[in-house]
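# Secondary and tertiary structure notes
Listed here are the chains, written in short residue letters.
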Amino acid sequence: MHKQEKLPEIRKTIVVDAPIEKVWKAVSTSEGIAAWWMANTFEPVLGKDFILHAGPYGDSPCKVTELDPPNCVGFDWDKGWHLTFELKSLEDGKTEFTLIHSGWSVENSKTREIMNEGWEKIVKEQLPKYIGA
C-alpha cells in the first residue's frame, strides 16, 4: 500500500499588544473571524459544523474539533486540513497567538506554498490591525 507523504504544517506566531480575552474574541467568534480572515457561520461549540465562505473558491465545510477558551480553538477544514488557533497570555497584557495549519500532502505542495504566503499576511498584518494592536 502506498503511504501518502506529508508536508510540514504551516505555523505562524505573533505577539499582540492586547489581552488574551480580546484576542480570543477575535479568533473564536463568527464576527471576529470574518473581520480579519473569512466570512463564516462559525459558532464556538465543540462538534459544531460550520461553513467558511471562501469567495471565488466556494464554501468549505468545517467542524469544530478543539475548544479550550481562551487558549485554543481548532477545526477540521475541507478535505483533510486542520486549523488550530493557540493563545497564550504574556506579561504586560500581551498575548502570543499561533496559527497551525496542518494536513498537507505532497500532492498539494503548491497550494501549501500559496497558503503559507497568505497566512503570513493574514496573521502578521490583518489580525493585529483588526485587534487594534
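Note: the structure precedes this text.
The notes below deal with the structure included here. What you see is a predicted model; the values in this text were computed from it and never measured. (Residues numbered from 1 in each chain as written. Predicted model: local features only at pLDDT ≥ 70, side-chain atom pairs only at ≥ 80, totals over all residues. Heavy atoms only, no water.)

## Digging into the overall build of the protein
- A count of helical and extended segments in the protein gives three helices and seven strands.
- Reading the secondary structure of the protein in the N-to-C direction produces β-α-α-β-β-β-β-β-β-α.
- In terms of C-alpha radius of gyration, the protein reaches 15 Å, essentially the compact-globule figure of 14 Å for 133 residues.
- Counting only C-alpha atoms, the protein reaches 50 × 30 × 25 Å along its principal axes.
- The contacts in the protein between residues at least 6 apart in sequence include a share of 47% that link residues at least 24 apart.
- Across the protein, the centroid of the 16 positively charged side chains sits 3 Å from that of the 21 negatively charged ones. (Helix = DSSP H or I, 4+ residues; strand = E, 2+ residues; numbered from the N terminus. Rg over C-alpha atoms; globule rule 2.2 N^0.38 Å. Contact = heavy atoms within 4.5 Å. Lys, Arg positive; Asp, Glu negative; His and termini not counted. Charge placed at Lys NZ, Arg CZ, Asp CG, Glu CD.)

## Some remarks on the pattern of salt bridges
- Inspection of every chain in the model, using the stated rule, returns nine salt bridges.
- Close ionic contact of Lys88 with Glu96 constitutes a salt bridge, the shortest N to O distance being 3.7 Å.
- We classify Lys88 as partly exposed; its relative accessible area is 45%. (Salt bridge = Lys/Arg side-chain N within 4 Å of Asp/Glu carboxyl O. Buried < 20%, exposed > 50% of the residue type's maximum accessible area, 1.4 Å probe, protein only.)

## A short note on unusual backbone geometry
- With an omega of -10°, the peptide bond running from Pro69 to Pro70 counts as cis.
- Within the secondary structure layout, Pro70 lies in the loop between β4 (59–68) and β5 (72–77).
- Within the chain, Asp92 stands out as a residue other than glycine whose phi angle is a positive 65°.
- Mapped onto the elements, Asp92 comes out in the loop between β6 (81–89) and β7 (95–102).
- Assessed through its relative accessible area of 68%, Asp92 is described here as exposed.

## So, the pairing of β5
- Along β5, five of the six residues are buried, which leaves the element largely enclosed by surrounding structure.
- Pairing between β4 and β5: six bridges, direction antiparallel. Opposite Cys62, over in β5, you have Trp77 as the bridge partner.
- If you look at the hairpin formed by β4 and β5, you'll find three residues sitting between the two strands.
- Linkage of β5 to β6, two consecutive antiparallel strands, is achieved through a turn of three residues, within which Asp78 is found at a positive phi near 55°. (Pairing = 2+ DSSP bridges.)

## A closer look at the sheet that holds β7
- The antiparallel open sheet is built from seven strands, whose spatial order is β1-β7-β6-β5-β4-β3-β2. On the outer flanks of this sheet lie β1 (10–16) and β2 (39–40), each paired with one strand and no other.
- Set on the sheet, helix α1 (residues 20–27) makes contact with β1, β4, β5, β6 and β7; between it and β6 the angle comes to about 165°.
- In this fold helix α3 (residues 109–131) packs onto β1, β5, β6 and β7, with an angle of close to 15° to the strand it touches most, β1. (Axes fitted to C-alpha atoms, helices over the stretch in contact; angles between N-to-C directions.)

## Looking at the environment of Trp36
- Along the polypeptide, Trp36 turns up in helix α2 (residues 30–36).
- Taking the C-alpha atoms as reference, Trp36 lies 22 Å from Leu90; in sequence the two are 54 residues apart.
- In contact with Trp36, other than residues within four places in its own chain, are Ala26, Val27, Phe85, Phe97, Trp119, Ile122, Gln126, Leu127 and Tyr130.

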